[in-house]
Amino acid sequence: MTEIILKGHKVAKGKAQGEALVSKSPISFLGGVNSDTGIIVEQGHELEGMSVADKILIFPIGKGSTGGSYKIYELACNNKAPRAIINLRADPVVAVGAIMGSIPMMDKPEQDPFEIIKTGDFVEVDADQGIVRARSKSS
Amino acid sequence: MRFTKKEEEMLDGKYGAAVQKSIELLVAVGECYSAERFVEVGSAHLSCANPVSAGKGGTRFIKEMAEKGGKFAVPTTTNPASLDPWTWREMGFSERLYREQLSVSNAIAEMGGFVCNTCTPYLIGHVPRVRENISWSESSAVIYANSVLGSRTNREGAPSALAAGLTGRTPAYGYHLAENRHGKLKIIVNGTLLKGATDYATLGYFGGKIAQDRVPIFTGIPQSVSLHELKYLGAALATSGTVGLFHVVGVTPEAPTEGIASGHKKIGSSDTFEFTLKELKETEESISKIGPEEIDLVILGCPHASIEQIKEYIEVLSERRVKDKVEIWILVSNMIKKYAENIGYAKRIESTGAKLVSDTCPSPMPGGFFKSRGYRAVATDSPKMAYYASTTQDVPCHYGSLDKFVDVVTKRI
C-alpha cells in the first residue's frame, strides 16, 4: 500500500483521519448541504445525495452566501460535519465555518489533490503540521 | 500574518475561550485575503442577531460565545429582530418566536452588546468617525458608513463581525486600506431628475448592476442631497450589486473632486455611464413587478426610516385614511419611534391608520409569515425591500414613491 504525503497550509487547527470524499466542483453550505443530515442536496451537484458526515471532504473552494459559515457550524453541532476539510483555496465562508465548528482544515496543497486522492481513500490530516497522508484504497 | 503581543496572547487563550475562538476565526479570514496584520476597530455591528437569519447554528454560536464569557471589546450594535418586541402579539407573531428572539438578544446583551435591532445604527448614535476602522455586517449600513461617514469596513458576515466585536480587531485588507477605496467607474447623473429618496434608490439599483463589486463615482448629484436620500442610494447599490463604497463628487468625504475620488486615475469611456430619464424609467419599471391595485401591505422605511422621512410620510398621508384591508407599515428603530412619539409625529401617523413598526423587517421574519397573515402583495418605496420581501416572504412587490400610489391605498377625509 503506497502512502503519499501532501504538504499544505493550515486554515483551522487539529488532526483527523477518515475516508475521503472528493468533489471537483465547489460546494455551497447554505442551501447546498442539509445541515441536519449532512447530505449534499444541490440539484445536479456531482456529490448530490452523498453525506459529508465524518468524511475528509476535499473540494476546490466554497461558494455562496456568508450564511454558509453558520451552516457548517450547525453540521458540527449535529455531528454531521466532515472530520476535516481540504480546499485548493480557502474562502472566508468555509474557513470561518471550519473554525467555528472546530473542524481541521487545510488549503494550498503543494500538489493537485484531485490527481492523488480519490473518494474512498484513507486520509490523515494534520493541519497543525500542514501534512496530509493518503493511502489509496485500490493499491 | 504578523501579530502584536496582545494578539499573540489572544491566540494563546489568555483572554478566554471566546476571544481565542474569535481571533482564530479572524486569522483564517485574514489569510484568505492575504492580510499581513490586524487593525484595531472602533465598533462592530451584527447582522443575523435573530433566530431566523442566524438559524440553529448561528443562534447556538452566539449563545456559546456568551457562555464562554465573551465580552465585547468595542461598542457593538444589532440588526433587526424577527419581530417587533413591543407589538408582536397584535401583529400575529408566536410566543415561541418571541422567546427565541429574547434568548438571542439576551446572549448579546450579556456580552455587553447594545441590542438596538436596527439596520441604521448610525441614526441612533452609533456614528463612527472619518477613517475609523470598524467591522460592520448589514450591507446597507456598511455602504453608508464607508461612503457617507468615511469610516472603513469590509462587507462583513455575521460571525466575523461578532469576532471583531469580541477582539476589537479585524484583518487589514479591502476597504481598510486607502488604496482600495478609489472609484473605478463613473456614473454621470442628471441630478434635476432626482425627486426624493425613491429616485435615488432607483439610481442605486441601476448603479449596482453596473458596478457589481467595484467602487462607483457619481457626478451631477446636487449638494442639497439629504442623508436619507444617500441612505437609499447606498442600500440599493448593495442590493443589485455587492457595492460596499461609493463616492459622490462634492458631497461625500472622500470625493472633494473627481480626481481625488478616483485616486487620480483616468476612468475610460468604457467605464463611464449616464443616468438619464430613460434609465430612471426603465430601472423603476424593472423593479416593480405588479401594479399598485393589488396591494394589501405597504412597507416604507428600508433601511429603517429617519425622523425626516417620517415627516415626509406624514405630509403625503395628511388628511387621508388608510383603506380597509390595506395596512401601511413604516419601519423604524425603537429610538426613532420614541422620538416620533415625543414630538407628536407618532399620533399623526396613527391618525391616518398607518403604523410605526419598530425593531424588525420582513427579511428576519419567519418565511411564510406574510402569507399566514394574508398579505399577498406589497408596495414599497425601496428596491431593497422589494427584493427581500419577494425572496424571503414570497410576495410580489410594487415599487414607487408613496405619493405616486397613495390614492390607491388611502382615501381622502
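Just so you know, these numbers come straight off a predicted model, no measurement behind them.

1. Considering the overall build of chain A
Here is step 1: For chain A, the count of helices and strands is 3 helices and 8 strands.
Here is step 2: Each helix and strand of chain A, placed in order from N terminus to C terminus, yields the pattern β-β-β-β-α-β-α-β-α-β-β.
Here is step 3: For 139 residues, the compact-globule estimate of 2.2 N^0.38 gives 14 Å, and the C-alpha radius of gyration of chain A, at 13 Å, lies within 12% of that figure.
Here is step 4: A principal-axis box enclosing the C-alpha atoms of chain A has dimensions of 40 × 30 × 25 Å.
Here is step 5: Looking at chain A as a whole, 48% of its 139 residues qualify as buried.
Here is step 6: For chain A, the share of sequence-separated contacts (at least 6 apart) that also reach a separation of at least 24 residues comes to 72%.

2. Notes on the overall build of chain B
Here is step 1: Assigned secondary structure in chain B consists of 17 helices and 16 strands.
Here is step 2: Computed over the C-alpha atoms, the radius of gyration of chain B is 21 Å, within 12% of the 22 Å expected from 2.2 N^0.38 for a compact globule of 413 residues.
Here is step 3: Sorting the 413 residues of chain B into buried and exposed places 53% on the buried side.

3. Let's talk about the environment of Glu-110 of chain B
Here is step 1: Inspection of the secondary structure puts Glu-110 of chain B in helix H5 (residues 95-110).
Here is step 2: For Glu-110 of chain B, a count of 15 C-beta atoms within 10 Å translates into the label partly exposed.

4. Considerations on the pairing of strand E12 (residues 327-332) of chain B
Residue and element names in this part refer to chain B.
Here is step 1: Summarising burial for E12: 5 of the 6 residues are buried, a large majority.
Here is step 2: In this structure, strand E10 (residues 297-300) lies alongside E12, joined through 4 bridges in parallel fashion. Across the sheet, the residue bridging to Leu-300 is Ile-330, located in E12.
Here is step 3: Note: E12 against strand E13 (residues 355-358), 4 bridges, orientation parallel. Opposite Trp-329, over in E13, you have Lys-355 as the bridge partner.

5. Here's the deal with the pairing of strand E7 (residues 216-219) of chain B
Residue and element names in this part refer to chain B.
Here is step 1: Bridge count between strand E6 (residues 185-189) and E7: 4 bridges; the pairing is parallel. Bridge pairing links Ile-188 to Thr-219 in E7.
Here is step 2: Crossover handedness for the path E6 to helix H8 (residues 197-211) to E7: right-handed.
Here is step 3: Bridge analysis of E7 against strand E8 (residues 247-248) gives 2 bridges, and the strand direction is parallel. Opposite Ile-217, over in E8, you have His-247 as the bridge partner.
Here is step 4: After leaving E7, the chain enters helix H9 (residues 227-240) and then returns to the sheet as E8, a path that is right-handed.

6. Thoughts on the interface of chain A and chain B
Here is step 1: The partner chain B presents 16 residues to the 17 residues of chain A that form the contact.
Here is step 2: Breaking the side of chain A that touches chain B down by element, the ones donating at least two residues are strand E2 (9-12), helix H1 (68-77) and helix H2 (92-100) of chain A.
Here is step 3: The element contributing the most residues to the side of chain A that touches chain B is H1 of chain A, with 6 residues.

7. A look at H8 of chain B
All names here are of chain B.
Here is step 1: Its 15 residues place the ends of H8 20 Å apart at the C-alpha level, agreeing with the 21 Å of an ideal helix rising 1.5 Å per residue.
Here is step 2: A large share of H8 lies buried, amounting to 12 of its 15 residues.
Here is step 3: Residues of H8 that are buried in the fold lie against E6, E7, H9, strand E9 (272-275), helix H11 (277-287) and helix H16 (383-392).
Here is step 4: Remark: Gln-212 follows H8 within two positions and exhibits a positive phi of approximately 55°.

8. A closer look at the nonpolar core
Here is step 1: If you look at the biggest cluster of nonpolar residues, it comprises 154 residues, and the most contacted ones within it are Ala-95, Ala-98 and Met-105 of chain A together with Ala-28, Ile-299, Ile-330 and Leu-331 of chain B.
Here is step 2: In terms of residues, this core owes the most to one element, helix H2 (residues 17-32) of chain B, which gives 9 residues.
Here is step 3: When near neighbours in sequence (up to four residues on either side) are disregarded, Ala-98 of chain A contacts Val-11, Ala-12, Ile-72, Ile-85, Ile-103 and Met-105 of chain A.
Here is step 4: Judged by nonpolar contacts, the second largest core, of 7 residues, contains Ala-81, Phe-93, Phe-369 and Phe-370 of chain B.

9. A word on the sheet that holds E12 of chain B
Residues and elements named next belong to chain B.
Here is step 1: Taken together, the 5 strands give an open sheet; going across it, the order is E13-E12-E10-E14-E15, and neighbouring strands pair in parallel fashion. At either margin of the open sheet sits one strand with a lone partner, and together these are E13 and strand E15 (397-399). Strand-to-strand twist in this sheet, taken as the mean axis angle between neighbours without regard to direction, amounts to 30°.
Here is step 2: Sitting on the sheet, H16 touches E10, strand E14 (378-380) and E15, and the angle it makes with E15 is about 175°.

10. Remarks on the sheet that holds strand E4 (residues 135-136) of chain B
Residues and elements named next belong to chain B.
Here is step 1: Read from one edge of the open sheet, 3 strands run E3-E2-E4, paired in parallel fashion. Each edge of the sheet is formed by a strand with only one pairing partner; in this case those strands are strand E3 (76-78) and E4.
Here is step 2: For strand E2 (residues 44-46) and E4, the ladder comprises 2 bridges, and the chain directions are parallel. Counted as the bridge partner of Ala-44 is Ser-135 from E4.

11. Side note on helix H7 (residues 158-167) of chain B
All names here are of chain B.
Here is step 1: For H7, a buried count of 10 out of 10 residues is recorded, marking the element as mostly surrounded by other parts of the structure.
Here is step 2: Among the residues of H7, those classed as buried are Ala-158, Pro-159, Ser-160, Ala-161, Leu-162, Ala-163, Ala-164, Gly-165, Leu-166 and Thr-167.
Here is step 3: Two residues or fewer past H7, Gly-168 is found with a positive phi of approximately 70°.

12. Let's talk about the domain arrangement of chain B
Residues and elements named next belong to chain B.
Here is step 1: Domain annotation of chain B identifies domain 1 (5-178), domain 2 (182-285) and domain 3 (288-412).
Here is step 2: Between the C-alpha centres of domain 1 and domain 2 the distance comes to 28 Å.
Here is step 3: Contacts between the two partners involve 13 residues from domain 1, matched on the other side by 16 residues from domain 2.
Here is step 4: Residue composition of the side of domain 1 that touches domain 2, grouped by class: 6 nonpolar, 6 polar and 1 charged.

13. Quick notes on unusual backbone geometry
All names here are of chain B.
Here is step 1: Cis geometry is found at the peptide bond from Cys-302 to Pro-303, where omega equals -5°.
Here is step 2: Mapped onto the secondary structure, Pro-303 falls in the loop between E10 and helix H12 (307-317).
Here is step 3: The backbone of Lys-325 sits at a positive phi, close to 70°, despite the residue not being glycine.
Here is step 4: You can see Lys-325 is positioned in the loop between strand E11 (320-322) and E12.

14. A closer look at the packing of H2 of chain B against H7 of chain B
Residue and element names in this part refer to chain B.
Here is step 1: For the pair H2 and H7, the least separation of the axes is 9 Å and the interaxial angle reads 125°. Classified by the angle between their axes, H2 and H7 sit oblique to one another. Relative to H7, the crossing made by H2 is left-handed. In this structure, H2 uses Ala-18, Val-19, Ser-22, Ile-23, Leu-25, Leu-26 and Val-29 to contact H7, whose residues at the interface are Pro-159, Ser-160, Ala-163, Ala-164, Leu-166 and Thr-167.
Here is step 2: When grouped by side-chain class, the residues that make up the contact of H2 with H7 number 10 nonpolar, 3 polar and no charged.

Reading the values: the criteria
Here the residue numbering is sequential within each chain, running from 1 through the sequence in written order. Note on labels: chains are lettered from A, ligands numbered from 1, in written order. Given that the model is predicted, a residue must reach a pLDDT of at least 70 before its local features are reported, and side-chain atom pairs must reach 80 or more before they are shown or counted; all residues, however, enter totals for whole chains, interfaces and linings. Numbered from the N terminus, helices here are DSSP runs of H or I no shorter than four residues, and strands are runs of E no shorter than two. Atoms counted for the radius of gyration: C-alpha only. Globule rule: 2.2 Å times the number of residues to the power 0.38. Three classes are used. A residue is buried when 20 or more other C-beta atoms lie within 10 Å of its own, exposed when 12 or fewer do, and partly exposed in between, with C-beta atoms placed from the backbone. What counts as a contact is two residues whose backbone-derived C-beta atoms lie within 7 Å of each other. Pairing between strands is defined by DSSP: at least two bridges between them are needed. Crossover handedness is defined by viewing with both strands directed away from the observer: a clockwise path from the first strand over the helix to the second marks the crossover as right-handed. A helix is expected to reach a length of 1.5 Å times the quantity of its residues less one. To define a nonpolar core, we join buried Ala, Val, Leu, Ile, Met, Phe, Trp, Tyr and Cys residues through C-beta atoms within 7 Å and take the resulting set. Axis lines are fitted through C-alpha atoms, for helices just across the contact stretch, and the angle between N-to-C directions can take any value from 0 to 180 degrees. Throughout the structure description, domain borders are defined by an automatic or database domain assignment. Three classes are used: nonpolar for Ala, Val, Leu, Ile, Met, Phe, Trp, Tyr, Cys and Pro, charged for Asp, Glu, Lys and Arg, and polar for all others, with Gly counted as polar. Small angles under 35 degrees read as roughly parallel and large ones over 145 as roughly antiparallel, with 65 to 115 read as roughly perpendicular and the rest as oblique. For any helix crossing, the convention is left-handed if the near helix is rotated counterclockwise from the far helix by under a right angle, and right-handed if that rotation is clockwise.

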